[in-house]
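Residue-level listing of the chains:
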Amino acid sequence: MTTTRFAPSPTGFIHVGNLRTALMNYLIARKAGGTFILRIDDTDPERSKEEYVDAIKQDLEWLGLHWDRVERQSDRLDHYADAADRLRKMGRFYEAFETPTELDLKRKKQLNMGKPPVYDRAALNLSDAEKDALRAERGTGVWRFKLDHERIEWNDGILGDISIDAASVSDPVLIKADGQVLYTIASVVDDTEMGVTDVVRGSDHVTNTATQIQIIKALGGACPRFAHHSLLTGPQGEALSKRLGTLALRDLREQGVKPMALLSLMARLGSSDPIELRSEMAELIEGFDINRFGAAPTKFDVQDLFPLTAKHLQSLPLSEVAEAVAEAGVPADLAEPFWAMARENITTLGDLKAWWDLCRDGADPLIADEDRDFIPEAMALLPEGPFDGETWGIWTKAVKEATGRKGKGLFMPLRKALTGMERGPEMATLLPLLQVIRARG
Ligand code: GLU
């Protein structure tokens, strides 16, 4: 059975880059009728915070990315210790004692000599007595996994055939000197024991994947299918990594972006499929195919979310936005005509209040010099209330007959006088609303 997971480290709020990973894994699981696991990668006790675990769950729920179960790495430390013991017994695990400064120096030397900065495995040559001495002097060492120096190959769902020379990669540290288990081994143990069949993650994990494939094999597990999506860049192709902090999902929600707008964009961005607003998650699931994504960096422009949000809002009945309409100050009995008028003219629900203020307080009329006489003349012809959907047509017809104006020369001055703006809602829908509200005055 298809099983995927989204495995964030709870060290911050999740952003659009994380969403791309979460969504792809979610869609694969749902399309196959499989299981989607939310795995909290919290083996780092210093940096992992409970508030971020809660925030990650809230953000995913807001988007409707429901998980089938939650797993926490901090609950599974005994499984990792067990795997580490097995690797030790196999002779694939060794203790190394270099300090960060020493490692840095080695790397610099290698680079100076034009060599790749790969760990030189000096620790493999230490005798037991030397290790005891180093341990006495420096404390416990780190534990590194001994890679087999052969090519590591896999067929990537996005990148295609990948082949990495293990000798070009440092033996990964799997356990830190303080005993903290690192993600590289924890993830392998979890993916294997939880029967994860498909792993989609960012292309910054490609080298990890190579080493993890060897660890999985050493531990006798089955390799999942891997796919590495490209990283997001800004609209001009600039690196987004530093700005991702400002693209947290909760900030987007705060700015009025709607889940279906965000999901419609992120489920297709970087693929050969067109980006279209979808109204249901089911449509996104149905049309999703990881193989249609390209390896090239993917441009992301936060501004693209707003037209999609506007379009989504336009499609909604009042019942879905009643709360926001009420919050804007609109009385319940006017909510229906107000929403009918406003929904075509907002980008986010945050814009509702300005329209309501206009209906309630009126606008400063915008009257051009050449219309100074025209406006009072037209106002004198306004029919008696109550206004309805027909009133605008009846009124403008009468004004046309009396003044000889037509087309834009007729409508635009009236719009500007009533709304103070050159663009906005259909006047036929707005007019009854203005009058009802003024009449209550
Ligand atoms: N916790 C890892 C990360 O956030 C998970 C990577 C993975 O999907 O394996 O980068």
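Rules of the game
Just so you know, the residues in each chain are numbered from 1, in the order the chain's sequence is written. Totals for whole chains, interfaces and linings use all residues, but because this is a predicted model, local features are given only for residues with pLDDT of at least 70 and pairs of side-chain atoms are given and counted only at 80 or more. Each side-chain value is derived from all of the structure's non-hydrogen atoms; neither hydrogens nor water enter the calculation. Only protein chains enter the area calculation, which uses a 1.4 Å probe; residues under 20% of their type maximum are buried, those over 50% are exposed, and those in between are partly exposed. Here a strand is any run of E in DSSP of at least two residues, a helix any run of H or I of at least four, and the numbering for each starts at the N terminus. Two strands are said to pair when DSSP picks up at least two bridges between them. Viewed with both strands pointing away, a crossover whose connecting path from the first strand over the helix to the second turns clockwise is right-handed. Between N-to-C directions, angles span 0 to 180 degrees; the directions come from axes that are lines fitted to C-alpha atoms, helices contributing only their stretch in contact. An angle counts as roughly parallel when it lies under 35 degrees, as roughly antiparallel when it exceeds 145, as roughly perpendicular when it falls between 65 and 115, and as oblique in every other case. Handedness of a crossing is defined here by the sense of rotation of the near helix relative to the far one, left-handed for an anticlockwise turn of less than a right angle and right-handed for a clockwise turn. Contact definition: two residues touch when any of their heavy atoms are within 4.5 Å. Here a residue counts as near a molecule or strand whenever at least one of its heavy atoms sits within 4 Å of it. Whenever a nitrogen or oxygen atom comes within 3.5 Å of another N or O atom, the pair is scored as a polar contact, on the condition that within protein one atom can donate a hydrogen and the other can accept it, and that pairs from neighbouring residues in sequence are kept only if both atoms are in side chains. Here the accessible surface of atoms and residues is derived via Shrake-Rupley with a 1.4 Å probe, and residues count as covered only by protein chains that are part of the display. The definitions used throughout rest on a 1 Å grid laid over the protein atoms alone, on which a cavity is an enclosed set of points accommodating a 1.4 Å probe that cannot get out and a pocket is an open set flanked by protein within 12 Å on both sides along at least five of seven lines; lining residues are those having an atom within 4 Å of a point. Molecules are considered to sit inside a cavity or pocket once more than half of their atoms lie within 2 Å of its grid points. Residues are grouped as follows: Ala, Val, Leu, Ile, Met, Phe, Trp, Tyr, Cys and Pro are nonpolar; Asp, Glu, Lys and Arg are charged; every other residue, Gly included, is polar. By definition here, a salt bridge exists when the distance from a side-chain nitrogen of Lys or Arg to a carboxyl oxygen of Asp or Glu is within 4 Å. Grid points are joined across faces, edges and corners, and a volume is the space filled by probe spheres set on the points. Any two of the Phe, Tyr and Trp rings considered here, Trp counted by its six-membered ring, make a pair once their centres fall within 6.5 Å; the pair's planes then place it as stacked at under 30 degrees, edge-to-face at over 60, or tilted in between. Each ring is checked for a lysine NZ or an arginine CZ that lies within 6 Å of its centre and within 35 degrees of its normal; such an atom marks a charge sitting over the ring.

Undergrad: In this structure, what is going on with the pairing of strand β2 (residues 35-40)? I would like to understand it.
TA: Within a regular strand, the side chains alternate between the two sheet faces. Of all 6 residues making up β2, 6 are buried, and the element is well covered by its neighbours. With burial as the criterion, each face of β2 is covered, one bearing Thr35, Ile37 and Arg39 and the other bearing Phe36, Leu38 and Ile40. The pairing of strand β1 (residues 3-6) with β2 spans 4 bridges and is classified as parallel. Note on β2: the bridge partner recorded for Thr3 is Thr35. The β-α-β motif built from β1, the intervening helix α1 (residues 16-31) and the parallel element β2 has right-handed crossover chirality. Bridge analysis of β2 against strand β3 (residues 69-72) gives 4 bridges, and the strand direction is parallel. In the strand pairing of β3, Leu38 is matched with Val70. Note that the unit made of β2, helix α2 (residues 50-63) and β3 has a crossover that is right-handed.

Undergrad: Even after reading the chapter, I still don't get the packing of helix α9 (residues 259-266) against helix α11 (residues 305-314), so can you show me in this structure?
TA: Look at α9 against α11: their axes get within 8 Å of each other, and the N-to-C directions meet at 130 degrees. Here α11 runs oblique to α9, going by the angle between their axes. The two elements α9 and α11 cross, and the hand of that crossing is right-handed. Here Met260, Ala261, Leu262 and Leu265 of α9 come into contact with α11, specifically with Leu305, Leu308, Thr309 and His312.

Undergrad: Is there a simple way to explain the site of the ligand in this structure?
TA: Around the ligand, the surrounding shell consists of Arg5, Ala7, Ser9, Asp41, Tyr183, Ser187, Arg201 and His205. A distance of 2.8 Å is found between a nitrogen atom of the ligand and a backbone nitrogen or oxygen belonging to Ala7. Within the side chain of Tyr183, one N or O atom sits 2.5 Å away from an oxygen atom of the ligand. In the complex, 79% of the free accessible area of the ligand, which totals 300 Å², lies under the protein chains. Among the cavities detected, the one that contains the ligand is the largest pocket. Residue composition of the shell around the ligand, by class: 2 nonpolar, 3 polar and 3 charged.

Undergrad: Could you clarify how one ought to interpret the pattern of salt bridges in this entry?
TA: Side chains that differ in charge, positive against negative, can pair when their charged atoms come close. A complete count under the given rule lists 33 salt bridges for this structure. The partner of Asp190 in a salt bridge is Arg39, with the nearest N and O atoms 3.7 Å apart. With Asp190 in helix α6 (residues 183-193) and Arg39 in strand β2, this residue pair connects regions lying 151 residues apart in the sequence. Across the pair, Arg39 and Asp190 agree in class, each one buried. A salt bridge links Asp190 to Arg76; the shortest N-O distance between them is 2.7 Å. Placement of the pair is Asp190 in helix α6 and Arg76 in the loop between β3 and α3 (77-89), with a sequence separation of 114 residues. Both residues of the pair, Asp190 and Arg76, count as buried. Residues joined in a network through salt bridges with shared partners are Arg5, Arg39, Asp41, Arg76, Asp190, Asp191 and Glu193.

Undergrad: When you look at unusual backbone geometry in this model, what are you seeing that I'm missing?
TA: Look at Arg121: it is not a glycine, yet its phi comes out positive at around 65 degrees. Note on placement: Arg121 falls in the loop between α4 (100-112) and α5 (128-138). Looking at Arg121, the relative accessible area reads 16%, which means it is buried.

Undergrad: Would you mind going over the side chain of Arg201 with me for this structure?
TA: Along the polypeptide, Arg201 turns up in strand β9 (residues 198-202). A polar atom in the side chain of Arg201 sits 2.7 Å from the side chain of Thr209. Arg201 has contacts with Arg5, Thr21, Tyr183, Ser187, Asn208, Thr209, Gln212, Phe226, Ala227, His228 and His229, leaving out every residue within four places of it along the chain.

Undergrad: Please explain the layout of surface pockets as it appears in this structure.
TA: Empty space among the atoms becomes visible once a probe the size of a water molecule is rolled across them. When its volume is computed, the largest pocket comes out at roughly 1300 Å³. Lining the largest pocket are 49 residues, and of these Ala7, Ser9, Asn18, Asp204 and His205 lie nearest its centre. When residues in the lining of the largest pocket are grouped by element, the largest group, 5 residues, is from α1. The residue makeup of the lining of the largest pocket, split by class, is 17 nonpolar, 23 polar and 9 charged. In this structure, the second largest pocket encloses a volume near 280 Å³. Ile28, Asp198, Arg225, Ile290 and Asn291 are the residues nearest the centre of the second largest pocket, which is lined by 15 residues in total. Counted by class, the lining of the second largest pocket contains 8 nonpolar, 3 polar and 4 charged residues.

Undergrad: Just checking my understanding: could you explain the packing of aromatic side chains for this structure?
TA: Two aromatic rings are characterised by how far apart their centres lie and by the angle between their planes. Evaluated as defined, the whole model comprises 8 aromatic pairs. On the numbers, 5.2 Å between centres and 85 degrees between planes, the contact of Phe13 with Tyr52 is edge-to-face. With Phe13 in the loop between β1 and α1 and Tyr52 in helix α2, the pair connects residues that are 39 residues apart, well separated along the chain. Joined through ring pairs, the aromatic side chains of Trp392, Trp395 and Phe411 make up one cluster. Cation over ring: Arg88 sits above Trp143, and NZ or CZ is 4.2 Å from the ring centre.

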